[in-house]
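Chain by chain, the residues run as shown.
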Amino acid sequence: MIGWVSLYVHIKFNEYTDEGLKRSDNYDAIRNYLSTNSAARALRLKADESKNSKALVLSIDDHEEVEDVFDGVKVKWYSSVKESQTQSSGYGRSSSGERRFFTLTFHRRHRGMIIESYITHVLREGREIGLRNRERKLFTNNSSSEWYAWRSGKWSNVHFHHPATFETLAMDPEKKERIKKDLIKFSKGKDYYKKVGKPWKRGYLLFGPPGTGKSTMISAIANFLEYDVYDLELTTVKDNSELKKLLLDTKGKSIIVIEDIDCSLDLTGQRKSKKEEDEDEEEEDEEEKKKEEEKKKKMEGLLNSIDGLWSACSDEKIIIFTTNFVDKLDPALIRRGRMDNHIEMSYCRFEAFKVLAKNYLEIETHELYGEIERLLEETDVSPADVAETLMPKSDEEDADVCIKRLVKTVEEEKEKAKKLAEEEEKSKAERQERRRKKKEEAEEKKKKKIEEEDKKEKSEEKDKKVKGSEENSDLHESNGTN
Ligand SMILES: Nc1ncnc2c1ncn2[C@@H]1O[C@H](COP(=O)(O)OP(=O)(O)OP(=O)(O)O)[C@@H](O)[C@H]1O
Ligand SMILES: [Mg+2]
């Protein structure tokens, strides 16, 4: 709405559009801009509580005036409020029937520049501030039977409040820095991705044993980049088209997570133990083959959907797979280009331990650190176990108690691992012995069979010979009589 009053142009931005039904995105963006932007900061602010924001939302108070300067040009903003004449039922409208709006005023000789550049600048900045302040969300996918039910969409969401950060994440510090740099480069790479003609996406594969911090890492990344998280549960997804729809229904500035990708794709569920495998190998073969095929189909669907997602939407997205067994994954799934960055989360070594000790006990050194370093180098303990052991269980427990408990725990783990290795060795030897015996028995059986067959053949031949000579003598006899 542009009106002329003497030399000045006024543009009005209403809080609600569409007859008061819909809140205006532009109004919110301008409000963010005016309350946060330092060049145009209002002095009188009011604090609102908003459902969708993590902090108090400060906005310029009613009937307040703010000046802004852009490219050397001065403009003025007014925030106004009017009592609404019609007390309509008004969904979305302020309950009191007040109508708020901003008015932008500037000299008419700057009309072109303000409309073309300044307003765009304000809206863009304001939206960015809004994104930064927004309450981040954790989405989980609904089963497709619920998609069209009342008010429930493809994804359900809750507020995302995970406290994990890169500071509290225990891992090799150099590796951590590399990951952070990679993330920063990605999040600032809008123009770069555009220039090289690649969708603005990045794929990460996190692999490692249980309790090494894969899920924690995802939360740390989300907090670091201030992204939403979409936790995609593949087992509730019926088919490929459903998967594609889900992926296309995700917003930018988000991480799409598929945890335990091997299990999500593995339809067999639990694998058989080695021993069982040995015993009924053949019967299982057919069934295994069928399941492998199904798994392959699912995998192909996933690959296609990822590639589709990669090219279908243009905004800032990270996709993360996690797995405990990287060797079991289909190489096609994790080839570079799909998964750009492979990150191994490993057992807790000394450097990672130091981070945990600092987090949980607020100590940087202790007389037992040397001992712990030695122990952790030769024993595989997950950071989850180390963290659990380090955590004080009561007020009486100080750092010293916890550190000593850790030494004891790791020593026990070492002992356990040794025993386990011995047992494994023993059972391997037993398995080999069993197999050797089986083979021997089979060979023995075979030998016996051959011998028996030989014997039979020989006796048959003998019988034939005897019969033959009898027939011969019969012939002689009959010749003689003739
Ligand atoms: N590297 C780590 N740094 C800090 N804390 C960790 C780390 N790894 C594990 N933890 C702690 O252990 C708990 C379990 O870790 P997390 O769930 O991240 O492991 P995971 O690798 O995802 O395991 P899984 O393979 O079973 O899903 C976390 O809540 C966290 O407190
Ligand atoms: Mg996990």
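Predicted, not measured: the structure shown is a model, and the values here were computed from it.

Regarding the overall build of the protein
Okay, so step 1: When helices and strands are tallied, the protein shows 14 helices and 16 strands.
Okay, so step 2: Contacts in the protein between residues at least 24 apart in sequence constitute 68% of all its contacts with a sequence separation of at least 6.

Quick word on the packing of aromatic side chains
Okay, so step 1: In this structure the tally under the stated criterion is 14 aromatic pairs.
Okay, so step 2: Arranged with centres 5.8 Å apart and planes meeting at 80°, the rings of Phe186 and Tyr193 form a pair that is edge-to-face. You'll find Phe186 and Tyr193 in the same group, each marked buried.
Okay, so step 3: Among the aromatic residues, those joined into a cluster by ring pairs are Phe13, Tyr27, Phe70, Trp77, Phe102 and Tyr118.

Looking at helix α2 (residues 111-133)
Okay, so step 1: When the terminal C-alpha atoms of α2 are compared, their 31 Å separation across 23 residues agrees well with the 33 Å that a helix rising 1.5 Å per residue should span.
Okay, so step 2: Restricting attention to buried positions, one finds in α2 the residues Ile114, Tyr118, Ile119, His121, Val122, Leu123, Gly126 and Ile129.
Okay, so step 3: Its buried side turned inward, α2 meets β2 (8-14), α1 (25-36), β7 (65-70), β8 (73-83) and β9 (98-107).

Some remarks on the pairing of strand β14 (residues 254-258)
Okay, so step 1: When you tally the buried positions in β14, you get five out of five residues, the bulk of the element.
Okay, so step 2: As for the winding sense of the linkage, the β-α-β connection from strand β13 (residues 228-231) through helix α6 (residues 240-248) to β14 is right-handed.
Okay, so step 3: As paired strands, β14 and strand β15 (residues 317-323) are joined by five bridges and run parallel to one another. Note on β15: the bridge partner recorded for Ile258 is Phe321.

Focus: the environment of Lys445
Okay, so step 1: Along the chain, Lys445 falls in helix α14 (residues 399-481).
Okay, so step 2: Sequence separation of Lys445 and Leu406 is 39 residues, and the distance between their C-alpha atoms is 57 Å.

Here we look at the confidence of the model for the protein
Atomic detail in the predicted coordinates should be set aside for any region of low pLDDT.
Okay, so step 1: For the protein, per-residue confidence averages 82 on the pLDDT scale, and residues scoring 70 or more make up 82% of the total.
Okay, so step 2: Note on residues 87-95: pLDDT under 50 across the span, and 17 contacts to partners over four residues away in sequence or across chains.
Okay, so step 3: Between residues 267-277, whose pLDDT stays under 50, and residues either more than four places distant or in other chains, the model counts eleven contacts.
Okay, so step 4: Taken together, the chains of this predicted complex give a pTM of 0.70 and an interface ipTM of 0.98.

Reading guide: rules and limits
Residues numbered from 1 in each chain as written. Chains lettered and ligands numbered in written order. Predicted model: local features only at pLDDT ≥ 70, side-chain atom pairs only at ≥ 80, totals over all residues. Heavy atoms only, no water. Helix = DSSP H or I, 4+ residues; strand = E, 2+ residues; numbered from the N terminus. Contact = heavy atoms within 4.5 Å. Phe/Tyr/Trp six-rings, centres within 6.5 Å; stacked < 30°, edge-to-face > 60°. Buried < 20%, exposed > 50% of the residue type's maximum accessible area, 1.4 Å probe, protein only. Expected span 1.5 Å × (residues − 1). Right-handed = clockwise from strand over helix to strand, strands pointing away. Pairing = 2+ DSSP bridges. pLDDT = per-residue confidence, 0-100.

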